[in-house]
Amino acid sequence: MNRRCDVLVIGAGMAGLTCALEIPDHLSVCLLSKTPMPAGSTYLAQGGLAAVTSPDDSIELHLEDTIAAGGGLVDEKAARSIISRGPELVAHLAELGVILEGAGSGIAGIEGGHSRRRVLHLDDRTGRFISETLSGLCRLRGNIEIAERAFAVNLITDRDGQQVSGDEIRGHCLGAYVLIGDEVHTFLARETVLATGGCGKVYRYTSNQDASTGDGIAMAYRAGLPIRNMEFFQFHPTCLFHPDKRNFLVTEALRGEGARRLNLDAKRFMSEYDQERMELAPRDVVARAIDSEMKKLGHDHVLLDATHLGREFLEEHFPEVTLGTTSVGIIPWEEPIPVVPAAHYCVGGVIASPDGTTGIRGLRVIGEAASTGLHGANRLGSNSLLEAGVMGIMAAETIPETLADSCAANVRDWSYGRARPLSESILVDHAWASLRSVMWDYVGIVRTDRRLHRSLRFIEVISEEVEEDYWSHMPCTDLLELRNICTVGDVIVRSAQKRRESRGLHYNLDCPEISETGRNTVIRLEK
Ligand SMILES: Cc1cc2nc3c(=O)[nH]c(=O)nc-3n(C[C@H](O)[C@H](O)[C@H](O)COP(=O)(O)OP(=O)(O)OC[C@H]3O[C@@H](n4cnc5c(N)ncnc54)[C@H](O)[C@@H]3O)c2cc1C
């Protein structure tokens, strides 16, 4: 079945929602989300959105902080264009009903790496508030048609991503094949926007939602687009270690209140890794210390001891943590909280300009799926909601200029061939678990050449089997997501192998030094 629209927006997080809302009313928009809305990592964002709004702050200071965090790889031009539109984004969100604390009234937050208070928030429910408000507005717009539980499988291009030179690709994006129920629909559009978010699910432990399987990155890669700096993955040091609550973050503010990290032998271990700063060392140092301690002792988690704070203090100042832990029977004033670092943010992505343009005409990539160069080798906290929102607006502003004259006329529908329904879901489940374990054990926070080499061999074996299943079975979400995390895992490993140094979020024991000149890693499909 064919559907046509002017602009196809795939993904309904901060990036997709802002883009859809800003597209002029005379253009028809199809907004897809594979999960019910409100959706995505956006819904989970707690800290806030970084933007300059106070007189003692400036675009230059925000830029300086971003560059300092970025480990020498921030693209200054791209960063400036995104950061300088932050105040406008905040004002625009306020017009839409998203009034953040710290912009005008209330006090902005401050996070590690920011030299000024510029993290605008709504308690610790910033993302939820943004998602709910913007999703609600999209539902009211006459020119926006929403399809939830609609899974984009592949992009449709008129030539299959042949490289001309540099980042330019021959071909034009015509839309996407989309799985709804059991049927694959052909969505044709004059412009397609990928806003599918990150890929934390490639790792065994992640703070991301189940939907973060890097679908957009994998689709763009298959279409021939270059993928940049995927070795830089930010890990949050303390995610709850519990089978029933796997992506629950235990806020880092607890360590500011004196919570201590213990290994399972009840030994405080930070002194071995950063004697001076101990628990207050930067996030990456803490994550590496925990990872090292777990690998050394063969344990699958460590402990965060906040018992000294007492019930009253914890309930008053850390209601989310208290609620989350007690709901699974862990009483934080009586016992240490079991925690594990978790994959949190994908710094790399599809190479794109701040307005989302890519090397394929008619295709934009925005938000966490994109790599604009804003984050360099390490993300400054709260810059990602900023990036997603600004990119959404910039894409919508410029789409009318690049829109194709009409939708493609003749595109072949999805061919099911002799595909049969997947009967043995254990094969898919096992491959999911194996891939994520390999990534966690060998391509996690601390890497070595040997582990990277070995992980690639595992991924090749799993991917081969998954490809066989993909071509011989009816499309289903689990299989499609598995195929995408295999692709993304492979790209992460090959990017990590290319980087012969330790920089930003990438740490390899076999090349622990940082080289004098910083280079980006770029991986593209060899055809
Ligand atoms: C727990 C947590 C806390 C965070 N806190 C902060 C914070 O305080 N500040 C900050 O700046 N950043 C924070 N981040 C990061 C930030 O939330 C994300 O980078 C940002 O929200 C990404 O927005 P996005 O629109 O690109 O993607 P998302 O919000 O992840 O949205 C992706 C959308 O794409 C859809 N989708 C995916 N694949 C497909 C497909 N194949 N077909 C159809 N639809 C698809 C999903 O269903 C979803 O609708 C946090 C992240 C997490 C996980």
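All figures in this text were calculated on a predicted structure; none of them were measured in a lab.

1. Describing the packing of aromatic side chains
Ring pairs (aromatic) are described by centroid distance and by the angle formed between their planes.
Line of reasoning, step 1. Counted according to the given criterion, the structure contains 11 aromatic pairs.
Line of reasoning, step 2. Ring centres of Tyr-203 and Phe-233 lie 5.2 Å apart, and the angle between their planes is 75°; on these two criteria the pair is classed as edge-to-face. Taken together, the residues span a long stretch of sequence, with Tyr-203 in the loop between β10 (183–194) and α7 (215–222) and Phe-233 in strand β12 (residues 233–240) at a distance of 30 residues. Of the two residues examined, Tyr-203 and Phe-233, each falls in the buried class.
Line of reasoning, step 3. Centre to centre, the rings of Phe-313 and Phe-318 are 6.4 Å apart; their planes meet at 50°, and the pair counts as tilted.
Line of reasoning, step 4. For Phe-313, a relative accessible area of 27% gives the class partly exposed.
Line of reasoning, step 5. Judged by its relative accessible area of 9%, Phe-318 is buried.
Line of reasoning, step 6. In textbook terms, an aromatic cluster arises when at least three aromatic residues are bridged by ring pairs, as seen for Tyr-203, Tyr-205, Phe-233, Phe-235, Phe-241 and Trp-440.

2. A look at the environment of Gly-70
Line of reasoning, step 1. Mapped onto the elements of the fold, Gly-70 is located in the loop between α3 (59–69) and α4 (76–83).
Line of reasoning, step 2. Note on Gly-70: relative accessible area 0%, which makes it buried.
Line of reasoning, step 3. Sequence separation between Gly-70 and Pro-512 is 442 residues, and the spatial gap between their C-alpha atoms is 18 Å.
Line of reasoning, step 4. Apart from residues lying up to four places away in sequence, Gly-70 is in contact with His-375, Gly-376, Ala-377 and Asn-378.

3. Some words on the environment of Leu-61
Line of reasoning, step 1. Here Leu-61 lies in helix α3.
Line of reasoning, step 2. Taking the C-alpha atoms as reference points, Leu-61 and Pro-319, 258 residues apart in sequence, are found 33 Å from one another.
Line of reasoning, step 3. Setting aside its immediate chain neighbours within four residues, Leu-61 contacts Asp-56, Ser-115, Arg-116 and Arg-118.

4. Here we look at the sheet that holds strand β18 (residues 370–371)
Line of reasoning, step 1. The sheet built from 4 strands is open, its strands ordered β18-β16-β11-β19 with mixed pairing. Across the chains shown, the open sheet's two edge strands, defined by having one partner strand only, are β18 and β19 (522–523).
Line of reasoning, step 2. Relative to β18, strand β16 (residues 349–351) runs parallel, the two being bridged by 2 bridges. Its bridge partner lying in β18, Val-350 is registered against Ala-370.
Line of reasoning, step 3. α7 rests against β11 (227–228), β16 and β19 of the sheet, and its axis sits at about 40° to β16.

5. Looking at the sheet that holds strand β15 (residues 337–346)
Line of reasoning, step 1. Pairing in this open sheet of 4 strands is antiparallel, and the strands run β12-β15-β14-β13 from one edge to the other. The open sheet has two free edges, formed respectively by β12 and β13 (260–262), since each of these has just one partner strand. Strand-to-strand twist of the sheet, defined as the mean angle between neighbouring strand axes without regard to direction, takes the value 40°.
Line of reasoning, step 2. With 6 bridges joining them, β12 and β15 adopt antiparallel strand pairing. Within the sheet, the bridge partner assigned to Cys-239 lies in β15 and is Val-340.

6. Description of the site of the ligand
Line of reasoning, step 1. For the ligand, the set of nearby residues contains 37 residues, the closest of which are Thr-35, Thr-42, Gly-47, Gly-48 and Glu-368.
Line of reasoning, step 2. Glu-368 places a polar side-chain atom, nitrogen or oxygen, 2.7 Å from an oxygen atom of the ligand.
Line of reasoning, step 3. If the ligand stood free it would expose 1,000 Å²; the protein chains cover 97% of that surface.
Line of reasoning, step 4. When residues of the shell around the ligand are traced back to their parent elements, those giving at least two are α1 (14–22), α2 (40–44), β6 (150–157), β15 and α12 (383–402).
Line of reasoning, step 5. Looking at which element gives the most residues to the shell around the ligand, the answer is α2, with 4 residues.
Line of reasoning, step 6. Looking at the shell around the ligand residue by residue, the class counts come to 14 nonpolar, 19 polar and 4 charged.

Rules behind the numbers
- Residues numbered from 1 in each chain as written.
- Predicted model: local features only at pLDDT ≥ 70, side-chain atom pairs only at ≥ 80, totals over all residues.
- Heavy atoms only, no water.
- Phe/Tyr/Trp six-rings, centres within 6.5 Å; stacked < 30°, edge-to-face > 60°.
- Helix = DSSP H or I, 4+ residues; strand = E, 2+ residues; numbered from the N terminus.
- Buried < 20%, exposed > 50% of the residue type's maximum accessible area, 1.4 Å probe, protein only.
- Contact = heavy atoms within 4.5 Å.
- Pairing = 2+ DSSP bridges.
- Axes fitted to C-alpha atoms, helices over the stretch in contact; angles between N-to-C directions.
- Near = heavy atom within 4 Å.
- Polar contact = N/O pair within 3.5 Å; in protein donor to acceptor, adjacent residues only side chain to side chain.
- Areas by Shrake-Rupley, 256 points an atom, 1.4 Å probe, with all protein chains shown as cover.
- Nonpolar A, V, L, I, M, F, W, Y, C, P; charged D, E, K, R; others polar.

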